[in-house]
Amino acid sequence: METLVQTFEAVDDQGTTHTLLVYQPQVSAATRDNATATIPGMKRITTVDGLSVNRRAKGEYEIVQTGKILRSTASNAP
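Residues numbered from 1 in each chain as written. Predicted model: local features only at pLDDT ≥ 70, side-chain atom pairs only at ≥ 80, totals over all residues. Heavy atoms only, no water.

Visitor: How would you explain the side chain of threonine 47 if you had to name every residue and give the values?
Guide: Within the secondary structure, threonine 47 sits in strand E4 (residues 44-47). Judged by relative accessible area, threonine 47 falls into the buried class, the value being 4%. Looking at threonine 47, its side chain comes within polar contact range of the side chain of aspartate 49, at 2.4 Å. The contacts of threonine 47, once residues within four sequence positions are left out, are Thr19, Leu20, Leu21, Val53 and Ile63. (Helix = DSSP H or I, 4+ residues; strand = E, 2+ residues; numbered from the N terminus. Buried < 20%, exposed > 50% of the residue type's maximum accessible area, 1.4 Å probe, protein only. Polar contact = N/O pair within 3.5 Å; in protein donor to acceptor, adjacent residues only side chain to side chain. Contact = heavy atoms within 4.5 Å.)

Now the structure itself:
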């Protein structure tokens, strides 16, 4: 199961603001002693309309489908 864990704003070179969503799955870490144990999985970032986003560096992102570069100065930006 994947959970929305964060949202933040980023801006492209034209000055358009984009809201980015960070999702994180819970991955099974089951053992004999704890068959339902989970751990946080790898986070993924998307735009609000579902486009995939790659993190290039802290505060710098790329929309995969368009190649558009986004930048964020938000304190909570990954």
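Visitor: Please provide a residue-by-residue account of the pattern of salt bridges, values included.
Guide: Pairing is possible between side chains that carry opposite charge, provided their charged atoms lie close to one another. Summed over all chains, the structure comprises four salt bridges. The salt bridge partner of glutamate 2 is arginine 44, with a shortest N-O separation of 2.8 Å. Of the two residues, glutamate 2 sits in strand E1 (residues 2-12) while arginine 44 sits in strand E4, which places them 42 residues apart along the sequence. For arginine 44, a relative accessible area of 39% puts it in the partly exposed group. For the salt bridge of aspartate 13 with arginine 71, the shortest nitrogen-to-oxygen distance reads 3.3 Å. Of this pair, aspartate 13 sits in the loop between E1 and strand E2 (17-28) while arginine 71 sits in strand E7 (residues 69-71); the two residues are 58 residues apart in sequence, bridging distant segments of the chain. Arginine 71 gets classed as partly exposed once you look at its relative accessible area, which sits at 42%. (Salt bridge = Lys/Arg side-chain N within 4 Å of Asp/Glu carboxyl O.)

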